[in-house]
Structure formats: C-alpha cells, structure tokens
Amino acid sequence: MKYDVTVIGSGPGGYVSAIRCAQLGMKVAVVEKYNTLGGTCLNVGCIPSKALLDSSHHYHDAEHTFKEHGIEIAKPKINFEQMIARKGEVVKQNVEGVAYLMKKNKIDVFTGHGSFVDKNTIKVAGEKEETISTDKVIIATGSKPSTLPFIEIDKKRVITSTEALVLKEIPKHLIIIGGGVIGLELGSVYARLGSQVSVVEYFDKIIPTMDSTMSRELTKSLKKLGMKFYTKHKVTEVKGTAKTVTVKADTPKGEVLELKGDYCLVSVGRRAYTDGLGLENIGITTDKAGRIETDAHLKTSVDNIYAIGDVVKGAMLAHKAEEEGVMVAEQLAGQKPHIDYNLIPGVVYTWPEVAGVGKTEEQLKESGMDYKVGSFPYKALGRARASMDTDGLVKVLADKNTDEILGIHIIGARAADMIAAGVTAMEFRASAEDVSRMSHAHPTYMEAVKEACLAASDAGAIHM
Ligand SMILES: Cc1cc2nc3c(=O)[nH]c(=O)nc-3n(C[C@H](O)[C@H](O)[C@H](O)COP(=O)(O)OP(=O)(O)OC[C@H]3O[C@@H](n4cnc5c(N)ncnc54)[C@H](O)[C@@H]3O)c2cc1C
C-alpha cells in the first residue's frame, strides 16, 4: 500500500500530526522505534515528571502543611517503590491512550527504526524489516538529553532525566548540573522527598530564558525548600564511582568548588535526534545544533518532506511540537494555518509553578520599546491565603502607548493552568485595561492577573 503521509516518531509532534492528517482524509503511517507510543513526553518527559511532582507534593504537604490545616496524622512514610510504580501506571494509561487514538483514526503503526531509502521510501528496521512507500513524510524524531564533552553519563550515578525518573532509592545528595526547567522540576521532586539538592548553574540565574523576576522569586521559594544554588559556576569535572559522585566547578572568585553526592543529574539541555535517519540519502542537512533546517512552513530542503517539534528550531516543548504537527497536516490538506511562536507559553512545574507568555522584561528593554509594568503579589489574594500558597506574583508587561499586553509572567499556585488566559488575551491583542474590566471569579488565583492588569493601567490595583 502507498501512504499519503508517513510520520517518523510518535511523540506529541508526530502522533498529533498523524491524527490531524487522518482527520483530513489522508492515509497515514506512523513509525516508532520503541514499543510504546507517545515519545519523550509521555514515556520519559512531561507525564512521568508531573506524576512524581504530584506525588512528592502530596508528601510534602502531609509533612509540612497538614498540621496547620488542623489535620493530624502520624509522620508520613514514603513508599518510593509504590511512587515509581504509580508513575509507571500513569505513563501506561497515556501511551495506551495514544495507541487507541491510532486505531480509532485508522493510522497504521510500524514498530522499528525508520530511515530514508529515498524521498518516498522509508525502511523500518524492527522485528522484521519492512518498507513503506509514501507520498509525503513528516520527521518528528524529537530529541535526546545532551551532556558536556567531559562528562560520562554512566546512567547509574551520573544520570540524565530518563534515569532520574526510575531511581530505586531517594538520593541522599543529588547534584544537578543545569538550573533549567528539567533540573529544577526533578530537583523539586527529590528535595520534597528529603534529598539534599545542589544545583550548579553556569549562568548568573536559574531558568535563564524566563523573565528575571520569575527567576528571582523561584530561587527564593526553592531555597525555602532547602535547595542550594551555585550560579555563575562552571562545572569542570564529574566523576562517578560505584556509590558516589564528585563534581568540581570553578567559582566566580576563581576558586574550585567540590561537591560530593550519591547522584549527579546532568540536565544541560537536549539535542535534536536524527541518528540513523538516513538524511544523507535524501540530501537534508542539519544546522550546527543538529536540528533539521526548514522554511517558515516547516518544509525541509526536499519538497515532500517536513520536520516538526524538538528536531527543528524553537522551544523544546510538547505543545509547540503539537502546534507544528497540526500546522503541517493542515498545510498538506491545502489550508493556510499559522503559528504565533511569541504566544507559545513556557511553564515550570515546580511549586510555586512558573509560567510565562510573550516578551520578558529583558527582551522589551533590549528592543528599546516603551513599556509599563503592573504586578500583584499572591500574598494579597484571599484564595492564596486560604490554600496557604502565598508565595508568588503576577507581572504584566504592556505597551506604554497603546496598553496592549506584551507579556504575562506568573509565579504561584496553578500558574501553569492560568497562563492559558494570558495566551487568550494576547491572541486577541487585549489591552491591560480590557482584562482588568473583565469579571474574574472571587476568590481565585486569577484575580491576581486582573489586579496586575489594573496595576499596569492608570486605574491601579484595588487590593494593594
Ligand atoms: C523530564 C522531561 C520533562 C518534560 N516536561 C515537559 C513539560 O512539562 N511540558 C512540555 O511542553 N515539554 C516537556 N518536556 C519536553 C517534551 O517532552 C518535548 O518537547 C516533546 O516530547 C517533543 O516532542 P516531539 O514529538 O518533537 O519528540 P519526542 O517526544 O522526543 O518523540 C520523538 C519520537 O521519535 C522516535 N524516533 C526517533 N527517531 C526515530 C526513528 N529513526 N525511527 C522511529 N522512531 C524514531 C523516538 O523514539 C520518540 O518516540 C519534557 C522533557 C523531559 C525530558
């Protein structure tokens, strides 16, 4: 059989694209080298990390906030094996859900490593070797953890996020190289469970790509959790033995910091994954970072081949991969879809959560644009006092002349869910005053967004 479209990779980019193609009437094949569908996100990324974040959050609350809520229980004990097993079950339900969606949409799944024979032929090396004949191809092969040239990931003591999700024990001292999203989320999990957690970061702040206020506030909150930060430190050596790990780093003063722990999580970013894809057979090249080059429509240098998600430039986020998957499918069906990359939100699922969309204050400063800032703290919210989640704030950046919202940055309880309202407002090019005049249910965390918009406009916040 000849397929209209073959998607290589079944992560959120690939499987969503496959579904949209099928919905639009195309005959679709998906090639996935692992036995379960869903890619990094469902198997070793977004979903398992959130499952452990939720479990560790419950434990932390039981230990630290129940008493104040008037709930007295015996000292809670961690059954780590069960925590990891529950996470495994959550992953299973999700990957099975994707398999169901493939069947429902009559998409054929080929299990095995896919590679290009030529621009219309894909070889699948699985239990048996199969060949797919196809009109169009969407490359959605995602990414893998990257490391530093001198670090050997032994997967026992010196680990990546993948191993950190299946540890057999809670580390006594977890050293994390990299203060980005993945390092901080997994660091939070283990800090809540009682590990000593040290984060070594090359830049002068954690989550360096997000708005600086978010970085500052998150540092404060995570320090309260007991996490230690070594910013402006350049890691020079990582050595693992059977039971320990030693990390050396140059300090800003030119001295050497030596940390000893039992695990070292290397979370210095991810690299686009195209290994063994046979790109050389069709003349597709990659950029310096190993990403497949495409035009604005995500078409590669070969006319019938597209690439989406982590394997192309842009934020390595599941929802960005999904949007791109839908965009390519709709283009193939003759539609004219569009993605506004400025409005892809970024989220950190620590507690408090951090979420942002649009421009950061640093970006606005750099662009020389006239802007104004409105912010509102969680501690002034009735809802936050009720739930004991008073850490955090909402920061709204708006055009000084037109009042159009240019960026919304939230650190606080449920920021991850709240940012969708920010995206909606900005998609409709709302002004700060527009949002401040909309009724927000009371008491909710969202009232902080309304108040921050009031603070940005001439009216001023009511509850400050
Ligand atoms: C610990 C962690 C937590 C994360 N949390 C979040 C989060 O909360 N929110 C968020 O938005 N993002 C999160 N991410 C990032 C997110 O997982 C990725 O951005 C997303 O999975 C990218 O989707 P993708 O479809 O491009 O690629 P992937 O999900 O990486 O999928 C690519 C798939 O292609 C397959 N493949 C590769 N090569 C071949 C081949 N030659 N033949 C056949 N199959 C192949 C791979 O096996 C894989 O299944 C997290 C990542 C990690 C590691």
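Thresholds applied
Along each chain, residues carry numbers from 1 onward, in the same order as the chain's sequence is written. Totals for whole chains, interfaces and linings use every residue, but because this is a predicted model, local features are given only for residues with pLDDT of at least 70 and side-chain atom pairs only at 80 or more, for both listing and counting. The side-chain figures draw on all heavy atoms in the structure; neither hydrogens nor water molecules are used. When DSSP finds at least two bridges between two strands, those strands are taken to pair. Working definition: helices are DSSP H or I runs of at least four residues, strands are E runs of at least two. Numbering for both runs from the N terminus. Contacts were defined at the residue level, with two residues in contact if any of their heavy atoms lie within 4.5 Å. A fitted line through C-alpha atoms represents every axis, and for helices the fit uses only the stretch in contact; the resulting angles, taken between N-to-C directions, go from 0 to 180 degrees. In this scheme, patches are assembled from residues that exceed 30% relative accessible area and form no salt bridge. Like charges are connected within 9 Å, while nonpolar side chains (Val, Leu, Ile, Met, Phe, Trp, Tyr) are connected within 5 Å. Surface exposure here means Shrake-Rupley accessible area, sampled with a 1.4 Å probe, where a residue is shielded only by the protein chains that are shown. Basic side-chain nitrogens of Lys or Arg form a salt bridge, by our definition, when they fall within 4 Å of a carboxyl oxygen of Asp or Glu. Only four residue types enter the charge count, namely Lys and Arg as positive and Asp and Glu as negative; His and the chain termini do not. Charged side chains are reduced to one point each, which is NZ for Lys, CZ for Arg, CG for Asp and CD for Glu. By convention in this text, a residue qualifies as near a molecule or strand provided that one of its non-hydrogen atoms is within 4 Å of it. Between N or O atoms, a polar contact is any pair within 3.5 Å; within protein, one atom must be a potential hydrogen donor and the other a potential acceptor, and residues adjacent in sequence are included only when both atoms are from side chains. Side-chain classes are defined by residue name, with Ala, Val, Leu, Ile, Met, Phe, Trp, Tyr, Cys and Pro counting as nonpolar, Asp, Glu, Lys and Arg as charged, and the others, Gly among them, as polar.

A. How the structure looks around the sheet that holds strand β11 (residues 228–230). Strand order in the open sheet formed by 5 strands is β8-β15-β9-β10-β11, and the pairing between neighbours is parallel. Each edge of the open sheet carries a strand with a single partner, namely β8 (158–159) and β11. Inspection of the sheet shows strand β9 (residues 173–177) paired to strand β10 (residues 196–200) by 5 bridges, in the parallel sense. Each residue of the ladder has a partner; that of Ile177, found in β10, is Val200. Helix α6 (residues 181–192) contacts β9, β10, β11 and β15 (263–266) of the sheet and is inclined by roughly 165° relative to β10.

B. Examining the environment of Gln23 more closely. Among the structural elements, Gln23 can be located in helix α1 (residues 12–23). When the C-alpha atoms of Gln23 and Pro345 are compared, they prove to be 26 Å apart, with 322 residues separating the residues in sequence.

C. Here's a closer look at a negative patch on the surface. On the surface, Glu322, Glu323, Asp340 and Glu427 cluster together to form a negatively charged patch. Mapping Glu323 onto the fold places it in helix α8 (residues 318–332).

D. Layout of the site of the ligand. Taken together, the neighbourhood of the ligand is formed by 39 residues, with Glu32, Thr40, Lys50, Gly114 and Ala318 sitting nearest. Lys33 is positioned with one of its backbone polar atoms (N or O) 3.1 Å from a nitrogen atom of the ligand. Surface burial for the ligand is 96%, taken as the share of its 1,000 Å² of free accessible area covered by protein chains. Only α1, β2 (28–32), α2 (39–44), α3 (46–64), β4 (113–118) and α8 provide two or more residues apiece to the shell around the ligand. Considering each element in turn, the shell around the ligand owes the most residues, 4 residues, to α2. Classifying every residue of the shell around the ligand by side-chain character gives 16 nonpolar, 18 polar and 5 charged.

So far we have only geometry, and geometry alone does not tell us how the molecule works.
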